[in-house]
Amino acid sequence: MSHKPSQPLSDSDAHRSRSARSRLLRSLPLVLLLAAGAVLWFGLGLGDYVSFTLLQEHHRRLEDFVEAYYLSALFGFMLIYALNVAFSLPVGTLLTLTGGFLFGILPATLAAVVAATLGATAVYLAARTALGDVLKRRSGSSLERLRRGFREDAFNYLLTLRLIPLFPFWLVNLAPAFAGVRLGTFFWATLLGILPGTLVYASAGNGLGRILEAGASRTWAWSSSPRSSVRCWGWPCSPCCR
C-alpha cells in the first residue's frame, strides 16, 4: 500500500505555527500567576489559614519572633505581601494591619508599599505578553476607558487610580500593560499612589495589640469572610488588596 509523501508546510503555514508557539510561551507568565493564585486560595484553602482568629491565637509567638529576628521577619513579610499582590489574593487588608501591629507604622508602611509595588509590577510585566493582545481585542468598556485615560496622561491618570479606587486594583495592574504605559511610569505612580492608604491602615494596625489582648477578634471577623473577599476584588479596605 503506497503512501503519499507529506507535503511540506508553506512559508505562511510555518510562520503561523511559529507565531502560535511564540504566543503560547509568552503568555505563560500571566497564566501561571493566575493559576497559582487560584490553587493557593481555592485548592489549598489558604483563606482558612489567614484570619484574625488565627492572628489572635498566635500573636504573641509572632511578636516574640519579630523581636528575635526583626530583619528576617520584615523581609519575610515583604515576600508574603508581594506574592499576595502578584497572585491577586484578597488578604491585603489583613496583611497591612498585621504589619503595622508587628513592625510599627513607618516600617510596615514602607515594607508594604515596596512589596505591593513589586507584586503589581510582576503582574504588569506578565501582562505584556501575547495574552495581552487577546485581552485587548476582547476587552470591555471598563478597560477601554482606562486605556483612553492612559493615552492622555499616563502618570497622573495612574496616580489618580491608585489614590481614588475607581477600578479594582488587579485591573489597574493589567490595563497599563495593555495600554503601553512605560515600566518606570507604572512603578512610580503605583508606589506613590498606594502610600497614603497604606499608611492609614498600618497606623490602624499599630493599635491591634489591645484588641487582640482583649479577645475582640469577632469585631474583625469580616476581614476574612467570603463577603469581604469579594469586596477585596473590587474596592477593598487596603489599597494594596484591590
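(A) Layout of the overall build of the chain. Each helix and strand counted, the chain has 11 helices and zero strands in total. Reading the chain from its N end, one meets helices and strands in the order α-α-α-α-α-α-α-α-α-α-α. When each of the 242 residues of the chain is scored for burial, the buried share is 44%. Sequence separation of 24 or more characterises 80% of the internal contacts of the chain that already satisfy a separation of 6 or more. When the accessible area of the chain is evaluated, it comes to approximately 13,400 Å², of which 63% is carbon and sulfur surface.

(B) Broad picture of the nonpolar core. Of all hydrophobic cores here, the largest spans 49 residues; its most connected members are Phe77, Tyr81, Phe103, Leu146, Phe150 and Leu208. Of all elements in the fold, only α2 (52-68), α3 (70-86), α4 (92-103), α5 (105-127), α7 (141-163), α8 (169-178), α9 (183-205) and α10 (208-214) reach the threshold of two or more residues within this core. Top contributing element to this core by residue count: α5, with 10 residues.

(C) Region of the structure containing the environment of Glu67. Within the secondary structure, Glu67 is located in helix α2. It is 9.0 Å that separates the C-alpha atoms of Glu67 and Leu102, two residues lying 35 residues apart in sequence.

(D) Summary view of the packing of aromatic side chains. Under the counting rule described, the total for this entry stands at seven aromatic pairs. On the numbers, 5.2 Å between centres and 45° between planes, the contact of Phe65 with Tyr69 is tilted. The class of Phe65 is partly exposed, set by a relative accessible area of 41%. Taken together, a centroid distance of 5.7 Å and an interplanar angle of 80° make the contact between Tyr70 and Phe103 edge-to-face. Pair noted here: Tyr70 is in helix α3 and Phe103 is in helix α4, with a separation of 33 residues, a long-range link. The class of Tyr70 is partly exposed, set by a relative accessible area of 32%. Overall, the relative accessible area of 8% leaves Phe103 in the buried class. The structure contains a cluster of three or more aromatic residues connected by ring pairs, namely Tyr70, Phe77, Tyr81 and Phe103.

(E) Quick look at the packing of α3 against α4. It is at 11 Å that the axes of α3 and α4 come closest, and there the two elements cross at 170°. Regarding the angle of α3 to α4, the classification is roughly antiparallel. Residues Tyr70, Ala73, Leu74, Phe77, Ile80, Tyr81 and Asn84 of α3 touch α4, and the partners they reach there are Gly92, Leu95, Thr96, Gly99 and Phe103. Partitioning the contact of α3 with α4 into residue classes produces eight nonpolar, four polar and no charged.

(F) Layout of a nonpolar patch on the surface. A cluster of nonpolar side chains, namely Tyr70, Leu71 and Phe75, defines an oily patch on the protein surface of about 330 Å² accessible area. Among the structural elements, Leu71 can be located in helix α3.

(G) Broad picture of the confidence of the model for the chain. Here the chain averages 75 in pLDDT, while 61% of its residues score no lower than 70. Mean pLDDT values over the elements of the chain span from 39, in helix α11 (residues 226-233), up to 94, in α9. Here residues 217-237 is a poorly scored stretch, pLDDT under 50, and it has 37 contacts once near neighbours within four places are set aside; other chains count.

(H) Seen up close, the environment of Phe169. Positionally, Phe169 belongs in helix α8. Taking the C-alpha atoms as reference points, Phe169 and Ala120, 49 residues apart in sequence, are found 8.8 Å from one another.

(I) Representation of α3 within the structure. The end-to-end C-alpha distance of α3 is 24 Å, a good match for the 24 Å that 17 residues give at a rise of 1.5 Å each. Among the residues of α3, Ala73, Leu74, Phe77, Met78, Tyr81, Ala82, Asn84, Val85 and Ala86 are the ones counted as buried. Of the residues trailing α3, Ser88 is marked for its positive phi of about 55°.

(J) Focus on α4. A rise of 1.5 Å per residue sets the reference length of α4, with its 12 residues, at 16 Å; its end C-alpha atoms lie 16 Å apart and thus fit the reference within 8%. Taking burial as the measure, the 12 residues of α4 include 12 buried ones, the bulk of the element. Looking only at α4, the buried set comprises Gly92, Thr93, Leu94, Leu95, Thr96, Leu97, Thr98, Gly99, Gly100, Phe101, Leu102 and Phe103. Of the residues flanking the end of α4, it is Gly104, one or two places downstream, whose phi is positive at about 100°.

Cut-offs and rules
- Residues numbered from 1 in each chain as written.
- Predicted model: local features only at pLDDT ≥ 70, side-chain atom pairs only at ≥ 80, totals over all residues.
- Heavy atoms only, no water.
- Helix = DSSP H or I, 4+ residues; strand = E, 2+ residues; numbered from the N terminus.
- Buried < 20%, exposed > 50% of the residue type's maximum accessible area, 1.4 Å probe, protein only.
- Contact = heavy atoms within 4.5 Å.
- Areas by Shrake-Rupley, 256 points an atom, 1.4 Å probe, with all protein chains shown as cover.
- Core = buried A, V, L, I, M, F, W, Y, C linked by side-chain atoms within 4.5 Å.
- Phe/Tyr/Trp six-rings, centres within 6.5 Å; stacked < 30°, edge-to-face > 60°.
- Axes fitted to C-alpha atoms, helices over the stretch in contact; angles between N-to-C directions.
- Parallel < 35°, antiparallel > 145°, perpendicular 65-115°, else oblique.
- Nonpolar A, V, L, I, M, F, W, Y, C, P; charged D, E, K, R; others polar.
- Patch = residues over 30% accessible without salt bridge, like charges linked within 9 Å, V, L, I, M, F, W, Y side chains within 5 Å.
- Salt bridge = Lys/Arg side-chain N within 4 Å of Asp/Glu carboxyl O.
- pLDDT = per-residue confidence, 0-100.
- Expected span 1.5 Å × (residues − 1).

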